[in-house]
Amino acid sequence: MKKIAQIYIDSYKGLSTASWMLAIVMLINRSGSMVLPFLGVYMTKELGFSQEETGYVLACFGVGSIIGTTLGGWITDKIGNYKVQYLSLLGSIPVFVMLPHFTSVISLALMMLLQSAVSEMFRPANSVAITMYAKPENITRAFSLNRMAVNLGFSIGPAMGGILAAISYALLFYVNATAAFLAAIVFIYFFKGRKTNKELLLERGDIDELNEVADVSNKSPYKDKMFLVYSLFCTLYSIAFLQLLSTLPIFYEKAAGLDEVEIGLILGYSGLLIFLTEMLLVYVAERYFTIRQTIVYGVMISALGYGMLAFDHGYIAIYASMTILCVSEMLAMPFTSTVTAMRAGSKNKGAYMGVNGLTFAIGFIISPILGTKVATHLGYDVLWLGTAALVVIAALGLNYSVKKMME
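Residues numbered from 1 in each chain as written. Predicted model: local features only at pLDDT ≥ 70, side-chain atom pairs only at ≥ 80, totals over all residues. Heavy atoms only, no water.

An unreviewed UniProt entry lists the chain under the name MFS transporter, with Myroides marinus given as the organism. According to the UniProt record, the Subcellular location (unreviewed entry) comment for the chain is "Cell membrane". (UniProt positions renumbered as here; feature names shortened; annotations may be inferred.)

Chemist: Hey, could you go over the overall build of the chain for me, with residue numbers and the actual values?
Modeler: For the chain, the count of helices and strands is 18 helices and zero strands. Evaluated residue by residue, the chain yields a buried proportion of 56% over its 407 residues. Counting contacts in the chain only where the partners sit at least 6 residues apart, residues at least 24 apart contribute 86% of the total. Only carbon and sulfur atoms are counted for the fraction: they give 68% of the accessible area of the chain, which is about 16600 Å². (Helix = DSSP H or I, 4+ residues; strand = E, 2+ residues; numbered from the N terminus. Buried < 20%, exposed > 50% of the residue type's maximum accessible area, 1.4 Å probe, protein only. Contact = heavy atoms within 4.5 Å. Areas by Shrake-Rupley, 256 points an atom, 1.4 Å probe, with all protein chains shown as cover.)

Chemist: Can you lay out the environment of N29 for me, pointing to particular residues and giving the numbers?
Modeler: As for its position among the elements, N29 is in helix 2 (residues 17-31). Counting along the chain gives 147 residues from N29 to N176, while the straight-line C-alpha distance between them is 7.8 Å.

Chemist: Before we move on, can you summarise the side chain of S127 with the specific residues and values?
Modeler: For S127, the position within the fold is in helix 7 (residues 122-133). Overall, S127 belongs to the buried group, its relative accessible area being 11%. If near-sequence neighbours (up to four positions away) are discounted, S127 is found in contact with F143 and M353.

Chemist: Residues and numbers for the nonpolar core, please.
Modeler: Among the nonpolar cores identified, the biggest contains 82 residues, and L244, L248, Y252, V299 and W384 are the most heavily contacted of them. When residues of this core are assigned to domains, at least three map to each of domain 1 (13-191) and domain 2 (217-406). Setting aside residues up to four positions removed in sequence, V299 forms contacts with Y237, S328, A332, V391, A394, A395 and L398. Counting 28 residues, the second-largest nonpolar core is a separate cluster that includes M21, V128, I139 and A149. (Core = buried A, V, L, I, M, F, W, Y, C linked by side-chain atoms within 4.5 Å. Domains from an automatic or database assignment.)

Chemist: Can you tell me about the pattern of salt bridges, naming the residues and giving the values?
Modeler: Summed over all chains, the structure comprises three salt bridges. A salt bridge links E120 to R123; the nearest nitrogen and oxygen atoms lie 2.9 Å apart. You can call E120 buried: its relative accessible area is 7%. Among the ionic pairs, D224 bridges to R343, the shortest N-O distance being 2.8 Å. (Salt bridge = Lys/Arg side-chain N within 4 Å of Asp/Glu carboxyl O.)

Chemist: So what's going on with the side chain of T340? Residues and values would help.
Modeler: Checked against the element boundaries, T340 lands in helix 16 (residues 315-343). T340 has contacts with F227, Y230, Y352, M353 and N356, leaving out every residue within four places of it along the chain.

Chemist: How would you sum up helix 12 (residues 225-241)? Please name residues and give values.
Modeler: An ideal rise of 1.5 Å per residue puts 24 Å on 17 residues; helix 12 measures up with 24 Å between its terminal C-alpha atoms. Counting buried residues along helix 12, 12 of its 17 residues qualify, which places the element largely inside the surrounding structure. Residues of helix 12 that are buried include every one of F227, Y230, S231, F233, C234, T235, L236, Y237, S238, I239, A240 and F241, and no others. (Expected span 1.5 Å × (residues − 1).)

Chemist: Quick one: what's the story with the packing of aromatic side chains, residue by residue and with numbers?
Modeler: Tallied over the full model, the rule gives 18 aromatic pairs. Each ring, one from F190 and one from F191, has its centre 4.8 Å from the other, and the planes form 75°; the classification is edge-to-face. With a centroid separation of 6.3 Å and 15° between ring planes, the pair formed by Y315 and Y319 is classed as stacked. Of this pair, Y315 and Y319 both sit in helix 16, four residues apart, which is roughly one turn of that helix. By relative accessible area, which is 26% here, Y319 ends up partly exposed. Here a set of aromatic residues connected by ring pairs shows up, and it is made of Y82, Y86, Y133, F187, F190 and F191. (Phe/Tyr/Trp six-rings, centres within 6.5 Å; stacked < 30°, edge-to-face > 60°.)

Chemist: Account for the confidence of the model for the chain, with residues named and values stated.
Modeler: Confidence in the prediction of the chain, expressed as mean pLDDT, is 83, and 89% of residues score 70 or more. Of all secondary-structure elements in the chain, the lowest mean pLDDT belongs to helix 11 (residues 207-211), at 44, while helix 15 (residues 291-307) reaches the highest, 94. Segment residues 207-216: pLDDT under 50, and 11 contacts once partners within four positions in sequence are set aside and those in other chains are kept. (pLDDT = per-residue confidence, 0-100.)

Following this line, the structure appears as structure tokens:
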């Protein structure tokens, strides 16, 4: 037990104050993230949308994500990550406040597109900030710390969201707006005028250390063929994984017969599990596996997490499936971000991180449309088996592309 405790403590050592503050900002923001997990249930149960109409509205969130991540990455390289992050946080507030007033399919779809475009500009800028404020040897753990904050927030948000949704779905949108406001205040207070790791190295004249974060390449990510192949397979994984935020909550309600509070508790459990174990898991993975092995193993096991739902809809199966999906997320996602950061130079980090975010934005479009259509016409069992097969293809492709990029 002492050895495990020491490993757990060591997994947090060496991270900068700025890395911790980026995580705190993310925690505040994501603690209010109650809307997205309940959107599918909100539209089918509260607004009376069909499953396919719900899929199209959720897909508009993905379209907005593509716009937001692409634009956010490009603007970050032009004006810096600080401005993009606080503008995204502040800009999302009025949109969240207005959302519950739009109740038709078309109007809600357009508002979801706008909301995700504004909110998702934050993602590439935040990823660039992580790489700029962390030491080179701590980048993966800095990404993990940030994701740990996301998932702690995600454990708080949906659990509270299930309770609030039982009272009024409008409360979900208003709490999201409040959280974005608080996150913006904390972010601006701490990071206004703060110098990055590279700037501090320049001031100290620490040339040898500076060389460790020197630029390798400043070409466009859209001209980096192997990186695009890598991004394609990341997209396949995101299409499968993002069923968790689109079709899976609907499955819990319609196939498993769970109510909003029970759904919120399951999603809250996933966030809490990741919060408690991700840093430890990443620390161990860094010591015993290569980046490529960690990504491939992480992606591959999600096939089991989805596939088992085709055979059992009970409580034990649902929680076991969610546990496996959490392990997959913890192993795959921080390391895929690290590969992207390693591939980029200082003048195009925003563009590369934008493409990295784009893989999930495309997933947000395809995942809900494909998931709801398959569930409606072929049933959930076919959906989960098909998702498992897609994950296996993604794992094989990532094994090939990461190996080529690391050569």
